[in-house]
Amino acid sequence: MEQLDRDEALKALAWQIELGADEAILDTPVDRYALKPEAPPAPRPAPAGPSAPAAQEPSPEATEAFDLDPVAVARKLASEAQDLAALQAALAAYPHCELRNGAKNLVFSDGQPGARVMIIGEAPGRDEDTAGKPFVGRAGQLLDRMLQAIGLNRAHADPEHAAYITNIIPCRPPQNRDPKPAEIAMMMPFVERHVALAEPQAIVLMGNIACQGVLGRRGITRMRGTWDEAFGKPVLPMFHPAYLLRNPSAKRHAWEDLLSLKARL
């Protein structure tokens, strides 16, 4: 087993604490070598009379339910949602994404539905998981300042000046790891339906995970600033605000992309 370094161990410990595991020992020590193994249960006597019928083979319906494709299930649930509230309920009821097991909240969206601009980020972080809204931490504060610089505000009541924000992944991955390709794939039918119901004029993809899910490729340094198309909408890849916080020199590229977005609108 690979040994964790100090930083990885601290991150793992913080994750366990968030899940509620705040005590690692019992009140008194347990000598597990002194414990006697439980005796196996006595076999049940065979029933008298005719022999019991052989076990039935699973029905085709049961086999089909066992082998259901998670993406197909997501596509069916998403297609049945007729509005955003129904889509959020369908996403909450989706049984195949295990990320929900370690998340506090489903992070669906924020901002004004019907806004001209829809921003699709990557996945919730700790602050977003706690608040149940996307982009509320330091990266979210930077995003708000970026939008305000071109006359947009997620809280604005007028769709002409508002923004609508969501993520590819609605639940926080453990220790903020990158989502796995299978996790992205099963969420994409919900993202596609989300775009159809929100009806933006333009979409901003923030970061590699958003580009991977929507455009099928990564490489945000090469892709940023170049308009593409997805879901029948113009799409602009941009650096994620979290990346800009780590690399302030890239903010000049983000400003160029914001001006391109403003001109497109």
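Rules used in this analysis
- Residues numbered from 1 in each chain as written.
- Predicted model: local features only at pLDDT ≥ 70, side-chain atom pairs only at ≥ 80, totals over all residues.
- Heavy atoms only, no water.
- Pairing = 2+ DSSP bridges.
- Helix = DSSP H or I, 4+ residues; strand = E, 2+ residues; numbered from the N terminus.
- Axes fitted to C-alpha atoms, helices over the stretch in contact; angles between N-to-C directions.
- Parallel < 35°, antiparallel > 145°, perpendicular 65-115°, else oblique.
- Left-handed = near helix turned anticlockwise from the far one by under 90°.
- Contact = heavy atoms within 4.5 Å.
- Nonpolar A, V, L, I, M, F, W, Y, C, P; charged D, E, K, R; others polar.
- Phe/Tyr/Trp six-rings, centres within 6.5 Å; stacked < 30°, edge-to-face > 60°.
- Buried < 20%, exposed > 50% of the residue type's maximum accessible area, 1.4 Å probe, protein only.

## Brief notes about the sheet that holds strand β3 (residues 163-167)
Thought 1: The six strands are arranged β1-β3-β2-β4-β6-β5 in an open sheet whose pairing can be described as mixed. Among the strands making up the open sheet, the edge pair consists of β1 (110-111) and β5 (228-230).
Thought 2: The pairing of strand β2 (residues 117-121) with strand β4 (residues 202-206) spans four bridges and is parallel. The partner of M118 across the bridge, within β4, is I203.

## Overview of the packing of helix α3 (residues 70-80) against helix α7 (residues 181-198)
Thought 1: Remark: α3 packs on α7, axes separated minimally by 8 Å, with the N-to-C direction vectors making an angle of 15°. In terms of axis orientation, α3 runs roughly parallel to α7. Remark: the crossing between α3 and α7 carries right-handed chirality. In this structure, α3 contributes P70, V71, A74, R75, L77, A78 and S79 to the contact, and α7 contributes A185, M186, P189, F190 and R193.
Thought 2: Tallied by class, the residues present in the contact of α3 with α7 amount to nine nonpolar, one polar and two charged.

## So, the packing of aromatic side chains
Remark: the centre distance and the inter-plane angle together describe each pair of aromatic rings, the angle taken between the planes.
Thought 1: This model, assessed by the stated rule, comprises two aromatic pairs.
Thought 2: With a centroid separation of 5.3 Å and 75° between ring planes, the pair formed by Y94 and F190 is classed as edge-to-face. Of the two residues, Y94 is situated in the loop between α4 (84-93) and β1 and F190 in helix α7; the sequence distance between them amounts to 96 residues. Pair check on accessibility: Y94 and F190 agree, each one buried.
Thought 3: Here the aromatic rings of F239 and Y243 are separated by 4.7 Å at their centres, their planes lie at 25°, and the arrangement is stacked.
Thought 4: The class of F239 is buried, set by a relative accessible area of 4%.
Thought 5: Overall, the relative accessible area of 28% leaves Y243 in the partly exposed class.

## Brief notes about unusual backbone geometry
One can expect most non-glycine residues to show negative phi and most peptide bonds to be in trans.
Thought 1: Of note, the phi angle at F135 is positive, near 55°, even though the residue is not glycine.
Thought 2: Looking at where F135 falls in the secondary structure, it is placed in the loop between α5 (126-131) and α6 (138-148).
Thought 3: In this structure F135 comes out as buried when scored by relative accessible area, which is 4%.
Thought 4: At E199, a residue that is not glycine, the phi angle is positive and equals roughly 55°.
Thought 5: Counting through the fold element by element, E199 comes out in the loop between α7 and β4.

## So, the packing of α7 against helix α8 (residues 208-215)
Thought 1: Between α7 and α8, whose axes approach to 10 Å, the crossing angle comes to 55°. Comparing their axes, α8 and α7 come out oblique. At the point where α7 passes α8, the crossing takes the right-handed sense. Across the interface between the two elements, P181, I184 and M188 of α7 pack against I209, Q212, G213 and V214 of α8.
Thought 2: When its residues are assigned to classes, the contact of α7 with α8 shows five nonpolar, two polar and no charged.

Note that all results are geometric; they support no functional claim without further evidence.
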